[in-house]
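What the coordinates show
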Amino acid sequence: VVDYQKNHAAQLHQQLLYFQSHASKSLRNAIGLAAGGIVLGHKAQHQWRLKKHVLKSASKVLRSSSSSLAACGSFSQVFALVESVRASAPGLGPLWAYDTALRIGAALPKPLSPTEVFLQCGARVGAVRLQGKWLSKHRSVVPSTLRTELSVLSPAQIENFFCIYKDLLWLRMP
């Protein structure tokens, strides 16, 4: 956890600030960047395999939903709206939905962040390796059910931690 705080937490924070700064100019623009997988001016590593036309189509749908997104009162509502777009767009996966919802949540006039740790792809692998198989069937988990060492991180940081350290997490923490 200390290594994550020292070497990775600032990067996630910087990425979310990027969307807040773009939203100050235009929420629709920030939503378009988030859905298109553009972070800090470049295509995000997690989205590099996704086809450009699929991202463009999803971006268009979400931009047209900007007023609905702005009206969301929780991250879970933002995630549900983004997830509905993902479900109707072949080629987009659960990681796209989470990453996009996280970025849009940061860009909203009243920023929204997860209160639970969302588990998909690498984050799920890391969570199961550290916490055990009971997490394998969960879409998200309340942070208080996780190891106490993680309590110093926000839910978004815990998700990021699980993903980054998934190959090192084999029930090694005391």
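This text gives an overview of the structure that appears in the document. What you see is a predicted model; the values in this text were computed from it and never measured.

So, how was this worked out
Residues numbered from 1 in each chain as written. Predicted model: local features only at pLDDT ≥ 70, side-chain atom pairs only at ≥ 80, totals over all residues. Heavy atoms only, no water. Helix = DSSP H or I, 4+ residues; strand = E, 2+ residues; numbered from the N terminus. Buried < 20%, exposed > 50% of the residue type's maximum accessible area, 1.4 Å probe, protein only. Contact = heavy atoms within 4.5 Å. Areas by Shrake-Rupley, 256 points an atom, 1.4 Å probe, with all protein chains shown as cover. Lys, Arg positive; Asp, Glu negative; His and termini not counted. Charge placed at Lys NZ, Arg CZ, Asp CG, Glu CD. Core = buried A, V, L, I, M, F, W, Y, C linked by side-chain atoms within 4.5 Å. Phe/Tyr/Trp six-rings, centres within 6.5 Å; stacked < 30°, edge-to-face > 60°. Axes fitted to C-alpha atoms, helices over the stretch in contact; angles between N-to-C directions. Parallel < 35°, antiparallel > 145°, perpendicular 65-115°, else oblique. Left-handed = near helix turned anticlockwise from the far one by under 90°. Nonpolar A, V, L, I, M, F, W, Y, C, P; charged D, E, K, R; others polar. Salt bridge = Lys/Arg side-chain N within 4 Å of Asp/Glu carboxyl O.

What the protein contains, in helices and strands, is 9 helices and 4 strands. Ordered by position from N to C terminus, the α and β elements of the protein give α-α-α-β-β-α-α-α-α-β-α-β-α. Taken along its principal axes, the extent of the C-alpha atoms in the protein is 45 × 30 × 30 Å. The proportion of buried residues among the 174 residues of the protein is 48%. At a minimum sequence separation of 6, the contacts of the protein that also span at least 24 residues come to 62%. When the accessible surface of the protein is split by element, carbon and sulfur atoms take 57% of a total near 9,100 Å². Positive and negative side-chain charges of the protein, numbering 21 and 7 respectively, have mean locations separated by a distance of 10 Å.

Let us look at the nonpolar core. Counting 57 residues, the largest nonpolar core has L62, V78, W96, I104, F161 and F162 as its most contacted members. Where this core is concerned, the elements lending two or more residues are α2 (9-25), α3 (27-35), α4 (52-64), α6 (75-87), α7 (94-107), β3 (117-118), α8 (121-131) and α9 (155-164). Per element, the largest residue contribution to this core is 8 residues, and it comes from α7.

For the rest of this paragraph, the subject is the packing of aromatic side chains. Under the definition given, this model contains 9 aromatic pairs. Ring geometry for Y18 versus F19: centroids 5.1 Å apart, planes at 90°, classification edge-to-face. Residues Y18 and F19 agree in their burial class; the two are buried.

For the rest of this paragraph, the subject is the environment of S66. You can see S66 is positioned in helix α5 (residues 66-70). Given the relative accessible area of 14%, S66 is considered buried. If sequence neighbours within four positions are ignored, S66 has contacts with L27, R28 and I31.

Attention shifts here to the packing of α4 against α6. Running from N to C, α4 and α6 cross one another at 140°; their axes reach a closest spacing of 10 Å. One element, α4, and the other, α6, form an angle in the oblique class. The hand of the α4/α6 crossing is right-handed. Facing A58, V61 and L62 of α4, the residues of α6 in contact are L81, V82 and V85. Split into classes, the residues belonging to the contact of α4 with α6 amount to 6 nonpolar, no polar and no charged.

This brings us to the packing of α6 against α7. Across the interface, α6 lies against α7 with an axial gap of 9 Å and an inter-helix angle of 135°. On the basis of their axis angle, the class for α6 and α7 is oblique. The interaxial crossing formed by α6 with α7 has right-handed handedness. In contact with F75, V78, F79, V82, E83, V85 and R86 of α6, α7 contributes P94, W96, A97, Y98, T100, A101, L102, I104 and G105. Across the contact of α6 with α7, the residue classes break down as 12 nonpolar, 2 polar and 2 charged.

Let us look at the pattern of salt bridges. Within this structure, the stated rule accounts for 4 salt bridges. The shortest N-O distance in the salt bridge between R103 and D99 comes to 3.9 Å. Taken together, the positions of R103 and D99, both in helix α7 and 4 residues apart, correspond to about one turn of that helix. We note a salt bridge from R129 to D167, for which the minimum N-O separation is 3.5 Å. Of this pair, R129 sits in helix α8 while D167 sits in the segment after α9; the two residues are 38 residues apart in sequence, bridging distant segments of the chain. R129 gets classed as partly exposed once you look at its relative accessible area, which sits at 21%. Counted as one network, the salt bridges with shared partners bring together E83, R86 and R139.

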